[in-house]
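Understanding the architecture of this molecule
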Amino acid sequence: MADRQIMNDQDIRRALARVAHEILERNRGAEDLIVVGIHTRGVHLAQRLASNLTEFEGSEVPVADLDINLYRDDVKARMSPRIRPTRIPVDIQGKKVVLVDDVLFTGRTVRAAMDALNDFGRPQQIQLAILLDRGHRELPIRADYVGQNVPTAPDEVVRVRLVETDGIDEVAIVRVEE
Amino acid sequence: MSLLNALETEAQPQVIASGGLKRRRHVLDLDDFSRQEILEVLESAEGMSEVLHRDIKKVPALRGRVVVTLFYEASTRTRMSFEEAGKILSADVINMSASGSSAEKGESLLNTGLTIQAMGVDTIVIRHPHSGAPYLLAQHLDKVGIINAGDGIHAHPTQALLDLYTVKEKLGRLEGLKVVIVGDVLHSRVARSNIWGFAKMGAQVVLCGPSTLLPLDMLRPSGVPANDEPLASVQVETNLDQALEGADVVMALRLQAERQNGGFLPSMREYIRRWQVTEARLGRSSPDVMIMHPGPMNEGIEISSTLAHGGRSVIERQVTNGVAIRMALLYHLSAGVGA
């Protein structure tokens, strides 16, 4: 099992700064924006993005946490994941929602996230920000903002570690031998 | 008390492989739950509680799953709670009662269970007046998850989990708390499961009531070493004022009127005078003491009305949390099964 580092802490910081600028550019500011992180690591990335947005634009951007496990269509036999509370502090009706996750792979998580958001209201727009796009989509979903594109083999595992959960900022490809 | 000893030994299920919540097939009692697994249930219940407080209380998690509630005993809150939990998760919930079913024609529990299994049901929630009935189903049905919603005087694990959740929600912890369970502990499946639950989570459990209604030998069953964890830490106290000293949690149990005729009580008046939980008797408890009751209550017997509906009471909160706990259990037992 050999690890291959894709991004270090500086790469992640720069990517999030660029993505924040792209979000502001596309939306012409931060008005009506709400950043929604998908549990677990998406939540921390969303907080970092929101603080970038707040810093660059000078106005507070609200952040929300979304747990999508109750909306999944790919729960494996007897592997039901832990359910965490969804916290959406503002009404998303008519807002521009930026969904945030660490890795975009099959697209099934994002589909589930869009279903989940619908139960809370009808946003004007949903955009998608991703730290790492590794390809192999199974649904017609694409990211609006991408930290980095990395071609991967389907059997490779992308491991994202963040200071908040793992004590270190790093993205690596880990090949798991069967 | 041979019945209790018999339960101690009979209730060792061979059907359960403990491998944490993800591998669990049945919920029969808390004796085979690890501390970690209990924490996982409580954490998931917090997520479920959030769903319960949404404007749109519906998620698709158990779409296409079928849950049967099979109740051989009367119940309001437990049955409704399971039904609501299943429906919020989009499972199809079928309610079946002994009255009006083939049970009245003499069909055995096992045959009823096999029939339900043959219909492709994923989870059976069973309440039965006989201790051990859910174990029988768990041993003989290999395609259905079993949840014990109360069996005889043996166990009521979902009630205990919702009680643990309610205490942790209010006080922020379970470890080191003094939990006093007052009343007819002997005949209470709620108490029995709660003793396992609170003791495993590191709380100090004190059982209080007339000595005729306390399972005095439960703590020292023959053949079990006195230091057998976690029950070794459980204490028995017949004097309510002593028991309540420094209490963080007081749980009053329903006193069934039949107990008086059964010779367990000299008179209801004496019981009320000595063991009714009232505001006045909480003087030496913790200032933040919380009052619980599994319901249905006999107000004015085991608990005073003012206390039951006062600011310290979390009795309605217990009902709300019961739905969240049952959502978490239904989800973990049936999500992804067969996928």
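Only a predicted model underlies this, so the values are computations on that prediction, with no experimental measurement involved.

Along the backbone of chain B there are 12 helices and nine strands. Out of the 339 residues in chain B, the part that is buried amounts to 48%. Here the analysis covers contacts within chain B between residues at least 6 apart in sequence; of these, 77% occur between residues at least 24 apart.

What follows deals with the confidence of the model for chain B. Scored by pLDDT, chain B comes out at a mean of 89, with 89% of its residues at no less than 70. Both confidence scores are given for the complex: pTM 0.89, ipTM 0.84.

The next point concerns the sheet that holds strand β4 (residues 96-104) of chain A. Residue and element names in this part refer to chain A. Read across the sheet, five strands follow the order β3-β2-β4-β5-β6 without closing on themselves; strand pairing throughout is parallel. Either end of the sheet is taken by a strand with one partner, and the two such strands are β3 (63-66) and β6 (145-149). Strand-to-strand twist across the sheet, computed as the mean angle between neighbouring axes with direction ignored, equals 25°. As defined by bridge partners, strand β5 (residues 125-133) adjoins β6 across four bridges and the pair is classed as parallel. Following the sheet pairing, I130 is matched in β6 by V146. Packed on one face of the sheet, helix α2 (residues 41-57) meets β2 (33-38), β3, β4 and β5 and runs near 155° to β2. On top of the sheet, helix α3 (residues 108-118) reaches β2, β3, β4 and β5; it is set at about 155° to β4, its chief contact.

This paragraph deals with the domain arrangement of chain B. Interface size is commonly expressed as the accessible surface area that is lost when the partners come together. Residue and element names in this part refer to chain B. According to the domain assignment, chain B contains domain 1 (9-155 + 319-334) and domain 2 (157-318). Here domain 1 and domain 2 have C-alpha centroids that lie 25 Å from each other. Listed by partner, the interface residues are 27 residues for domain 1 and 23 residues for domain 2. Elements supplying a minimum of two residues to the side of domain 1 that touches domain 2: α2 (35-52), β4 (145-151) and α12 (315-334). No other element matches the seven residues that α12 contributes to the side of domain 1 that touches domain 2. Considering only residue class, the side of domain 1 that touches domain 2 consists of 14 nonpolar, seven polar and six charged.

In this structure, A:V35, A:L49, A:A129, B:V180, B:I181 and B:V250 are the most contacted members of the largest nonpolar core, which totals 149 residues. Tallying contributions element by element places α12(B) first for this core, with 10 residues. Counting contributing residues, this core receives three or more from each of domain 1 (9-155 + 319-334) and domain 2 (157-318) of chain B. Once you skip the residues sitting within four places of it in the chain, B:I181 turns out to touch B:A191, B:N194, B:V205, B:L207, B:C208, B:M251 and B:L253.

Each neighbour pair has its own omega, and for A:H39 with A:T40 the value is 0°, a cis peptide bond. Relative to the assigned elements, A:T40 resides in the loop between β2 and α2. Of note, the amide linkage connecting B:G295 to B:P296 takes the cis form, showing an omega dihedral of -10°. Among the secondary structure elements, B:P296 is positioned in the loop between β9 (290-292) and α11 (305-308). In this model, A:D32 sits at a positive phi of 65°, which is unusual for a non-glycine residue.

All names here are of chain B. With their axes 10 Å apart at the nearest point, helix α4 (residues 109-118) and helix α5 (residues 133-140) run at an angle of 50° to one another. When the axes of α4 and α5 are compared, the pair comes out oblique. Every pair of crossing elements has a handedness; the one defined by α4 and α5 is right-handed. Judged by residue contacts, L109, L110 and G113 of α4 engage A133, L136, L137 and H140 from α5. Taken together, the residues of the contact of α4 with α5 break down into five nonpolar, two polar and no charged.

Residue and element names in this part refer to chain A. Pairing in this open sheet of three strands is antiparallel, and the strands run β1-β8-β7 from one edge to the other. Strands at the two margins of the open sheet, each flanked by one partner only, are β1 (3-7) and β7 (156-161). Strand-to-strand, the axes of this sheet are offset by a mean angle of 25°, without reference to chain direction. In this structure, β1 lies alongside strand β8 (residues 170-175), joined through four bridges in antiparallel fashion. Residue pairing for β8: R4 is matched across the bridge by I173.

Note that an α-helix has 3.6 residues per turn; residues three or four places apart therefore point the same way. All names here are of chain B. Taking 1.5 Å of rise per residue, the 18 residues of α2 would be expected to cover 26 Å, and the 25 Å separating its terminal C-alpha atoms lies within 8% of that figure. Of the positions making up α2, those classed as buried are E37, I38, V41, L42, S44, A45, G47, M48, S49 and V51. Buried residues along α2 sit in contact with α3 (77-88), α6 (157-171), α7 (189-200) and α12.

Once that is clear, we can look at the packing of helix α1 (residues 9-27) of chain A against α2(A). Residue and element names in this part refer to chain A. Contact geometry for α1 and α2: axes closest at 9 Å, N-to-C directions at 60°. By the angle between their axes, α1 is oblique relative to α2. The chirality of how α1 crosses α2 is right-handed. Every residue of α2 that contacts α1 at L16, A17, V19, A20, H21, I23 and L24 is listed here: R48, L49, N52, L53, F56 and E57. Grouping the amino acids of the contact of α1 with α2 by side-chain chemistry returns nine nonpolar, two polar and two charged.

This part takes up the environment of B:I181. All names here are of chain B. Within the secondary structure, I181 sits in strand β5 (residues 178-182). For I181, a count of 27 C-beta atoms within 10 Å gives the class buried. Placed 13 residues apart in sequence, I181 and N194 show a C-alpha to C-alpha distance of 8.9 Å.

Criteria and cut-off values
- Starting from 1, residues in each chain are numbered consecutively following that chain's sequence as written.
- To label them, take the chains in the order written and letter them from A, then take the ligands in the order written and number them from 1.
- At least 70 in pLDDT is required for a residue's local features to be given in this predicted model, at least 80 for side-chain atom pairs to be given and counted, and no such filter applies to totals for whole chains, interfaces and linings, which use all residues.
- Helix and strand labels come from DSSP, where a helix needs a run of H or I of at least four residues and a strand needs a run of E of at least two; each type is numbered from the N terminus.
- Counting other C-beta atoms within 10 Å of its own, a residue is labelled buried from 20 upward, exposed at 12 or fewer, and partly exposed in the gap between, with every C-beta atom placed from the backbone.
- Throughout, a residue-residue contact means that the two C-beta atoms, derived from backbone geometry, are no farther apart than 7 Å.
- A residue's pLDDT is the confidence the predictor assigns to it, expressed on a 0 to 100 scale.
- At least two bridges found by DSSP between two strands are what make those strands a pair.
- The axes are straight lines fitted to the C-alpha atoms, using for helices just the contacting stretch, and the angles between their N-to-C directions are given from 0 to 180°.
- For the domains described, the bounds stem from an automatic or database domain assignment.
- Here the nonpolar group is Ala, Val, Leu, Ile, Met, Phe, Trp, Tyr, Cys and Pro; Asp, Glu, Lys and Arg are the charged ones; every other residue, Gly included, is treated as polar.
- By definition, a nonpolar core groups buried Ala, Val, Leu, Ile, Met, Phe, Trp, Tyr and Cys residues that connect through C-beta atoms lying within 7 Å of each other.
- With respect to orientation, any angle under 35 degrees is reported as roughly parallel, any angle over 145 as roughly antiparallel, any angle of 65 to 115 as roughly perpendicular, and every other angle as oblique.
- Left-handed describes a crossing whose near helix is turned anticlockwise from the far helix by less than a right angle; the clockwise case is right-handed.
- A helix is expected to reach a length of 1.5 Å times the quantity of its residues less one.

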